[in-house]
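What the coordinates show
Here is how the chains run, residue by residue.
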Amino acid sequence: MWSVAIKYKEKCITFPFDAIECVDYSKKGDLTEIFSLGTPSPSVCVELCRGLTAREAILILSENNNLIISGDSGSGKSTLAYGIAGFNEDRKVFRFTIGNSNESKTTEDILYFLSEVIGSVTLIIDDANVKLSFENVERILGASQADKQIIITNTRNDFKGNSNIEQHFPKS
């Protein structure tokens, strides 16, 4: 992350340290974390994601370089995203937290980060639909490549209607 921040500085752009974090799978968590209100530690997420759903999601991510995980709030979307991203130990995993910046700046921050990051990475964008429009999510997913995979979680309490992101990306 530091090497990317240096590239930003060279171009006189402020690096969004408050929005991007490197996900550390080396710290071993405790399985009892699943009883807390938040997402378990990344290492626990990997342990929890050993079933058919995770295998299918990993296949979709490897084939399309992006993955949309949709579900109700609290259904385990983030846990699944961290678990899937942690299966490939050769990739760096980053999480982008969408803050209160305007939507256009947030989208540009994500796209610029993807263009500057070095090596094979997986970027997790949690609750993308809460702050980003369908058009901006589409732009971000369009930036995915074999070495720049993207997982977004999409909080949905209603799976009806054509405004659902996952309906526009049937392969994801």
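Below is a summary of the structure that appears in this document. These figures come from a predicted structure and were not determined experimentally.

Turning next to helix α3 (residues 52–64). The end-to-end C-alpha distance of α3, which contains 13 residues, comes to 18 Å, matching closely the 18 Å that a straight helix rising 1.5 Å per residue would cover. Here α3 has its buried residues at A54, A57 and L61. Within α3, the buried residues cover an arc of 65° as seen down the axis, which keeps them to one side. For α3, exposure combined with an orientation more than 90 degrees from the buried face picks out L52, R55 and E63. On the buried face of α3, the contacting elements are β2 (66–71), α4 (77–85) and β5 (148–155).

Here the focus is the pattern of salt bridges. Tallied over the full model, the rule gives 8 salt bridges. Between E116 and K7 there is a salt bridge, with the nearest N and O atoms lying 3.8 Å from each other. Separated by 109 residues along the polypeptide, E116 in helix α5 (residues 103–116) and K7 in helix α1 (residues 2–10) bring together distant segments of the chain. Given the relative accessible area of 10%, E116 is considered buried. Between D109 and K105 there is a salt bridge, with its nearest N and O atoms 3.1 Å apart. Highlighted residues: D109 and K105, both in helix α5, separated by 4 residues, approximately one helical turn. D109 gets classed as buried once you look at its relative accessible area, which sits at 13%. Several salt bridges converge on common partners, so that one network encompasses K7, K11 and E116.

About the cut-offs
- Residues numbered from 1 in each chain as written.
- Predicted model: local features only at pLDDT ≥ 70, side-chain atom pairs only at ≥ 80, totals over all residues.
- Heavy atoms only, no water.
- Helix = DSSP H or I, 4+ residues; strand = E, 2+ residues; numbered from the N terminus.
- Expected span 1.5 Å × (residues − 1).
- Buried < 20%, exposed > 50% of the residue type's maximum accessible area, 1.4 Å probe, protein only.
- Arc of directions from axis to C-beta.
- Contact = heavy atoms within 4.5 Å.
- Salt bridge = Lys/Arg side-chain N within 4 Å of Asp/Glu carboxyl O.

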